[in-house]
Amino acid sequence: MLKAQEGEILKTAFLANLSHEIRTPLNGILGFTDVLSYYLEDNNELTQYLNLIKTSGKQLLGILSDVLVMSKIEAGQIELKKDNIYLDKFLQEIYIFFLPQAKIHALKLVIEKDNTRETCCVIADAIRLRQVIDNLINNALKFTKEGEIKFGYLIKEDQIHFFVKDTGIGIDPEHHDKIFERFQQVEQDYLKNFNGIGLGLAICKSLVEIMGGRIGIKSEINKGSEFYFSIPYIKGTNIEENINEKINKKKNAISKILIVDDEPINLILLEEIIKTEFGDVILTATNGKEAVKQCLNNENINLVLIDIKMPVMNGIEATKIIKEKRPELIIIAQSAYNAQSDKKNAIQAGCNDFISKPIQKYDLVNMIKKHIFFEVEIM
Ligand code: ADP
């Protein structure tokens with residue numbers, strides 16, 4: 001292997017470690033702001049300060065993951081997965097995710113689907129595709145004061161054309177090529193208030209190219225911008241049509257939730273989040289071995305939230321043992337690494353779902369509700 005390439009790989013491994021070390025304390029900071037906002041609901045001034053901490057924490061998290069992705073791209077370590085994506089559902093999830101932010105800024109958010117097809121399934125890497133669209137919508141939200149943000153797709157021949165269009169400040173055509181380069185930001189006085197490190201569009205461009213496509217922009221100052229990109233259209237399989245998917249809205253009551261984490265700060269945080277939403281249903285353990293013991297001795301436990309990296313016995317080992325004896329038990333893995341490999345290992349070990357730290361209250365509560373209240377049985 002070439003020395004330079006080895007260097008890139010070492011750098012990526014170092015950044016991944018660093019990212020993990022920063023994510024753990026950040027998890028505490030962001031998570032507890034959620035808990036505090038619950039207690040401070042009536043205190044507007046303090047809630048505002050808390051929101052500032054949250055926003056800054058999220059920005060820090062964004063920068064961290066941008067740097068990590070860019071370094072992976074440079075080390076040639078992006079491996080594409082072949083996911084079967086239901087495009088309409090996929091866009092709907094993105095819409096639901098961004099709707100609250102659009103509402104806060106009084107912006108209209110609109111999806112434009114390809115109405116020429118009933119259900120559109122394609123094969124692509126869902127995480128990378130989502131990363132590109134998320135980045136473009138984030139920018140659109142950042143640079144649009146009024147009007148609307150429209151996003152969608154159209155399939156033409158062998159290409160899927162995606163777009164994100166805004167009615168924001170626009171970009172002078174002389175900068176159109178430059179903005180896709182790393183660390184480039186349009187230097188204009190009125191942009192001084194916007195933060196960012198100028199990696200977002202460079203990442204989008206690289207990811208789109210790795211997926212075999214191209215990205216471009218049409219924009220005019222004060223009129224708005226349209227970012228568009230295309231990737232090859234590979235038809236997916238519409239599994240829902242072939243098998244009988246039965247949504248069984250069985251309302252299971254939550255009996256007990258077991259939280260397994262060796263970091264005391266994480267345990268307290270998760271306890272607080274769950275307690276405020278589901279009441280007094282929590283049991284705790286600080287390593288995998290304890291978790292196994294509790295799950296096998298207490299039938300009331302119907303959901304486990306398990307950390308992956310723990311002393312004595314890690315979350316993966318514990319999940320395998322628990323699932324062997326109690327396959328029906330819902331296990332959600334949580335990890336400070338944002339790595340896809342962690343997710344893959346957890347799902348392979350039998351976990352029903354995976355959540356990355358820093359855990360956001362909204363995401364965790366929704367995930368628990370999804371698993372407890374709506375069991376999706378695929379027959
Ligand atoms: P940053 O993280 O700094 O926003 P990006 O690579 O995402 O970096 O964007 C680079 C620059 O391109 C931004 O600083 C901004 O000047 C410009 N830009 C990106 N998206 C838009 C948009 N939707 N409207 C106006 N300007 C934009």
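Scope of this entry: the structure provided in the associated data block. These numbers come from a predicted model, not from an experiment. (Residues numbered from 1 in each chain as written. Predicted model: local features only at pLDDT ≥ 70, side-chain atom pairs only at ≥ 80, totals over all residues. Heavy atoms only, no water.)

## A closer look at the overall build of the protein chain
Here's step 1: Secondary structure assignment for the protein chain yields 11 helices and 14 strands.
Here's step 2: Residue burial in the protein chain is summarised as follows: out of 379 residues, 45% are buried.
Here's step 3: Put simply, 72% of the contacts in the protein chain that link residues at least 6 apart link residues at least 24 apart.
Here's step 4: With an accessible surface of roughly 20600 Å², the protein chain has 53% of that area assigned to carbon and sulfur atoms. (Helix = DSSP H or I, 4+ residues; strand = E, 2+ residues; numbered from the N terminus. Buried < 20%, exposed > 50% of the residue type's maximum accessible area, 1.4 Å probe, protein only. Contact = heavy atoms within 4.5 Å. Areas by Shrake-Rupley, 256 points an atom, 1.4 Å probe, with all protein chains shown as cover.)

## Here's the deal with the environment of F163
Here's step 1: The residue F163 is located in strand 5 (residues 159-166) in this model.
Here's step 2: Accessibility expressed as a relative area gives 15% for F163, which makes it buried.
Here's step 3: A C-alpha to C-alpha distance of 4.2 Å links F163 and Y228, two positions 65 residues apart in sequence.
Here's step 4: The contact partners of F163, leaving out residues within four places of it in the chain, are E112, K150, F151, G152, Y153, E226, F227 and Y228.

## A word on helix 1 (residues 3-39)
Owing to its 3.6 residues per turn, the α-helix brings residues three or four apart onto one side.
Here's step 1: The end-to-end C-alpha separation of helix 1 is 54 Å, in line with the 54 Å expected for 37 residues at 1.5 Å each.
Here's step 2: Taken as a whole, helix 1 carries its principal kink of about 25° at L26. (Expected span 1.5 Å × (residues − 1). Bend = angle between axes of the 7 residues up to and from the residue.)

## Some details on the sheet that holds strand 5
Here's step 1: What the five strands build is an open sheet, ordered 2-4-5-7-6; its pairing is mixed. One side of each edge strand has no neighbouring strand; the edge strands of this open sheet are strand 2 (108-112) and strand 6 (214-220). On average, adjacent strands in this sheet sit at an angle of 10° to one another, irrespective of strand direction.
Here's step 2: In terms of strand pairing, strand 5 meets strand 7 (residues 224-232) through eight bridges, oriented antiparallel. When the sheet's bridge partners are listed, F162 is paired in strand 7 with F229.
Here's step 3: Set on the sheet, helix 3 (residues 87-104) makes contact with strand 2, strand 4 (148-156) and strand 5; between it and strand 2 the angle comes to about 175°.
Here's step 4: Each of strand 6 and strand 7 touches helix 5 (residues 200-210); the most contacted strand, strand 6, lies at about 140° to it. (Pairing = 2+ DSSP bridges. Axes fitted to C-alpha atoms, helices over the stretch in contact; angles between N-to-C directions.)

## Points about empty space enclosed by the protein
Here's step 1: Within the structure shown, the criterion is met by one cavity of 30 Å³ or more.
Here's step 2: Here the largest cavity is characterised by a volume of approximately 40 Å³.
Here's step 3: Around the largest cavity, the lining residues are L91, I133, L136, F151, G152, F162, F163, V164 and F229.
Here's step 4: Looking at the lining of the largest cavity element by element, the count peaks at three residues for strand 5.
Here's step 5: Residue composition of the lining of the largest cavity, by class: eight nonpolar, one polar and no charged. (1 Å grid on protein atoms, 1.4 Å probe; cavity = no way out; pocket = protein on both sides within 12 Å on 5 of 7 lines; lining within 4 Å. Points joined across faces, edges and corners; volume = space filled by probe spheres on them. Nonpolar A, V, L, I, M, F, W, Y, C, P; charged D, E, K, R; others polar.)

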